[in-house]
Amino acid sequence: MAARAWIETDETAKEMLSRVLTKSPPFQFRPPLHRLPLRAGNVVEITGPSPSAKTHILIHAAIDCILPGQWKGVDYGGLDRLVVYIDLDCKFDVLRLSHLLKLRITEAGSGLLFDDGEELHSLCMKRFLYVRCYSSLEFLSALKTLHHQLVERVVEEEVEEGSGVHCLMIDNIGAFHWMDRAVSSAAKSLPGCNGRRGISLDSIVEAVVREMKKVLVVHPMLVMVTKATVLGGDRSGSNDVTQNSSYREFMPLVWQSFVTHRLLVRAVDDDSCEQTRYLLEWLLSSPRSFVERFLVKDAGLSCDL
Amino acid sequence: MAAAAESQPASLRLKEVRHLLSQSLHSREVRLLVVIFNSCNQGISQVLSIVDTLHQPWLDGLELLQDAMDNKRVLSTGIAAVDSFLHGGLRVGQLTELAGPSSSGKTQVGNFFSSKRIRHFLSENGSPPSSQDDAGIVHRVMSRIWRHSVFEISLLFDMLHQLEFRLGSQECMEGCKVQLLIVDSVSSLITPILGGGSSQGYSLMASLGVLLKKLAHEHDIAILVTNHMVGGERGNPKPALGESWKSIPHVRLLLSCDYETNTCNISTLKHPSLAAGRSASFVID
């Protein structure tokens, strides 16, 4: 009878789909990130030269995550999740996040009292976890203690099982690229290192990917990573929208295979417009790709056209 | 440590099992197992506390906002047009880069703190007329400005590490709190070591960026660095130090000067909260 139970079906495809959709609902962001449905386990890499509003895209997505769907009868359209932000660039401006959050709250709940608005603002800011890292070693140790932090927060806030899917954001995974490369070249020249696998850029990135996979097993999360290009792009001088700028990939293969979605952002030279326009392109395997244009205004990202 | 850290996801399971076991009969073996589980838990929390000291503390948005509003104020540059352009001036905790062609006024920022200018600035602001008081005030002001000549990047690193140590030590009193740090010019230290096929120069540049940003944030200092220009594509000049440097400073400003009309033009290349591409003009006397 045990053999028969082994052969029988566990669940139908319909049951499995409904289970997956309720357990890890998709992340629905506002434009310009609305094109593809993202879910827990996806790793989105946002690449672009500096400056191209990559951190602004992360802030835009973070506000979508930390706002509640509904609060005191007002619909905010948020996803009600925790956001973990690991700042490797050390350039995060919390006042900008706070300003955009306040604007969003007043826009959605126009009849809201001042105290209620303040309370919602504090509630949302508490859902934003932040850590700065000044070296790859600090980054690895922060990843190791991430699970413990999340467990503490879940216990404190008594979050239910279903809404345990959070968002992990890493600003500029290439921040320590040159420093790690120099470490590896220095280690090779040391005597007595034969036969022992020393520290190298590859081993550091492998350790990072391993730690992230471990955390993702216990806490399914959507990972959004920005990457600034450290090697110059090959621009032939044309502003052709459909042309893919060929920025050289500098991250090792283990990272490239970890990433599931790629986004390319760049500023577009537009003499007719005073404000700089930015172009966002989802790099897909099919020949057709989604291209969005957006502006960065005081109230955040705005997708026109 | 790695093995213990790997068993972190099991710590919750350990707690459950321990709870189950303690509910069962009080046999000697059970009590022994409970003791082992207790020490495992203690071991795990000990390891976690050690690993926690290896990185900066985890903060939530509210604590971060509180720190920004309490400590990270704005320093005025002394030029009203620049202050209004930057919505107040240089922000404490941020690394600001000022790029411009040679003799465009960036070094004037450094020379702004010469004794002649200080005296002029004080007399403009209505200080007491007696010359003895005046000299005393000027002396006190000048004693708060320290100027070091650095010709090599390793000396700069040395000085920054010493500054970090002094600011972080317990005996730092009110008087030795640094508010503004100017490095003029960072490009003349870094450009000789870039290139040449090895990545050492780029890694030193990245390490310098990290150290400056760390000093700025941890010790509440506004840091200003200057950069020169090189030829770019289509003959347009661009700031030096290449693509990797672009993502290091918080704020990047471009300065240009027109000597016929004696006006300077400042524009933003990058700013975390203001639109890029804005510009303003002012006159430097």
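Criteria and cut-off values
Residues numbered from 1 in each chain as written. Chains lettered and ligands numbered in written order. Predicted model: local features only at pLDDT ≥ 70, side-chain atom pairs only at ≥ 80, totals over all residues. Heavy atoms only, no water. Helix = DSSP H or I, 4+ residues; strand = E, 2+ residues; numbered from the N terminus. Areas by Shrake-Rupley, 256 points an atom, 1.4 Å probe, with all protein chains shown as cover. Buried < 20%, exposed > 50% of the residue type's maximum accessible area, 1.4 Å probe, protein only. Pairing = 2+ DSSP bridges. Axes fitted to C-alpha atoms, helices over the stretch in contact; angles between N-to-C directions. Contact = heavy atoms within 4.5 Å. Salt bridge = Lys/Arg side-chain N within 4 Å of Asp/Glu carboxyl O. Disulfide = S-S within 2.5 Å. pLDDT = per-residue confidence, 0-100. Expected span 1.5 Å × (residues − 1). Parallel < 35°, antiparallel > 145°, perpendicular 65-115°, else oblique. Nonpolar A, V, L, I, M, F, W, Y, C, P; charged D, E, K, R; others polar. Core = buried A, V, L, I, M, F, W, Y, C linked by side-chain atoms within 4.5 Å.

## Some points on the overall build of chain B
Right, so step 1: Secondary structure assignment for chain B yields twelve helices and eleven strands.
Right, so step 2: Put simply, chain B shows about 16300 Å² of open surface, and 57% of that area lies on carbon and sulfur atoms.

## Remarks on the pairing of strand 4 (residues 95-99) of chain B
Regular strands place their side chains on alternate faces of the sheet.
Residues and elements named next belong to chain B.
Right, so step 1: Of all five residues making up strand 4, five are buried, and the element is well covered by its neighbours.
Right, so step 2: Neither face of strand 4 is left uncovered, since the one carrying Leu95, Glu97 and Ala99 and the one carrying Thr96 and Leu98 both have all their residues buried.
Right, so step 3: Relative to strand 6 (residues 222-227), strand 4 is paired through five bridges, and the arrangement is parallel. Bridging from a neighbouring strand, threonine 96 pairs with leucine 224 of strand 6.

## Re the sheet that holds strand 6 of chain B
Residues and elements named next belong to chain B.
Right, so step 1: If you walk across this open sheet you meet the six strands as 5-6-4-9-10-11, and the pairing is mixed. Looking along the sheet, the strands with just one partner apiece sit at the ends: strand 5 (180-183) and strand 11 (279-283). The mean angle between the axes of side-by-side strands here comes to 25 degrees, regardless of whether they run parallel or antiparallel.
Right, so step 2: Two strands pair when backbone bridges link them, and strand 4 and strand 9 (residues 251-258) are joined in this way by four bridges, in the parallel orientation. From the neighbouring strand, glutamate 97 faces strand 9, where its bridge partner is arginine 252.
Right, so step 3: Sitting on the sheet, helix 11 (residues 200-218) is in contact with strand 4, strand 5 and strand 6, with an inclination near 150 degrees to strand 6.

## Re the pattern of salt bridges
Residues and elements named next belong to chain A.
Right, so step 1: Enumeration over the complete set of coordinates arrives at 20 salt bridges over all chains.
Right, so step 2: Across the salt bridge formed by glutamate 292 and arginine 35, the nearest N and O atoms sit 2.4 Å from each other. With glutamate 292 in strand 10 (residues 291-297) and arginine 35 in the loop between helix 2 (13-23) and strand 1 (43-48), this residue pair connects regions lying 257 residues apart in the sequence.
Right, so step 3: Residue classification places arginine 35 among the partly exposed positions, given a relative accessible area of 39%.
Right, so step 4: Three or more residues are tied together by salt bridges with common partners; here these are Glu45, Lys227, Glu249 and Arg262.

## Some points on the environment of Leu65(B)
Right, so step 1: With respect to the element layout, Leu65(B) can be found in helix 4 (residues 61-71).
Right, so step 2: Leu65(B) has contacts with Val94(A), Leu95(A), Ser98(A), His121(A) and Met125(A), leaving out every residue within four places of it along the chain.

## With respect to the state of the cysteines
Right, so step 1: With the rule as written, the count across this model stands at one disulfide over all chains.
Right, so step 2: Two residues share a disulfide in this structure: Cys257(B) and Cys264(B), whose sulfurs sit 2.5 Å from each other.
Right, so step 3: A relative accessible area of 4% places Cys264(B) in the buried class.
Right, so step 4: Cysteine Cys65(A) shares no disulfide, and the gap to the nearest cysteine sulfur, in Cys167(A), comes to 4.3 Å.

## Regarding the confidence of the model for chain B
Detailed reading of predicted coordinates is not advised where the pLDDT is low.
Residue and element names in this part refer to chain B.
Right, so step 1: For chain B, mean pLDDT is 79; residues scoring 70 or higher make up 78% of the total.
Right, so step 2: Within chain B, helix 11 carries the highest mean pLDDT (92), whereas helix 1 (residues 2-6) carries the lowest (46).
Right, so step 3: Note that pLDDT drops below 50 for residues 1-8; the model gives that stretch nine contacts with residues more than four away or on any other chain.

## Considerations on helix 3 (residues 54-66) of chain A
All names here are of chain A.
Right, so step 1: An ideal rise of 1.5 Å per residue puts 18 Å on 13 residues; helix 3 measures up with 19 Å between its terminal C-alpha atoms.
Right, so step 2: Extensive coverage of helix 3 is indicated by the burial of twelve of its 13 residues.
Right, so step 3: Of all the residues in helix 3, the buried ones are Lys54, His56, Ile57, Leu58, Ile59, His60, Ala61, Ala62, Ile63, Asp64, Cys65 and Ile66.

## Digging into the packing of helix 5 (residues 114-126) of chain A against helix 4 of chain B
Right, so step 1: Closest axis-to-axis distance for the helix 5 of chain A/helix 4 of chain B pair is 6 Å, and the angle between their directions is 105 degrees. Relative to helix 4 of chain B, the element helix 5 of chain A lies roughly perpendicular. Across the interface between the two elements, His121(A), Ser122(A), Met125(A) and Lys126(A) from helix 5 of chain A touch Gly61(B), Leu62(B) and Leu65(B) from helix 4 of chain B.
Right, so step 2: Its residues placed into classes, the contact of helix 5 of chain A with helix 4 of chain B shows three nonpolar, three polar and one charged.

## Brief notes about the nonpolar core
All names here are of chain A.
Right, so step 1: Phe29 and Met224 are the most contacted members of the largest nonpolar core, which has 51 residues in total.
Right, so step 2: Excluding residues that lie within four positions of it along the chain, phenylalanine 29 makes contacts with His34, Leu38, Ala61, Asp64, Cys65, Leu79, Leu222 and Met224.
Right, so step 3: Membership of the second largest hydrophobic core comes to 43 residues, among which are Val84, Ile86, Trp178 and Met221.

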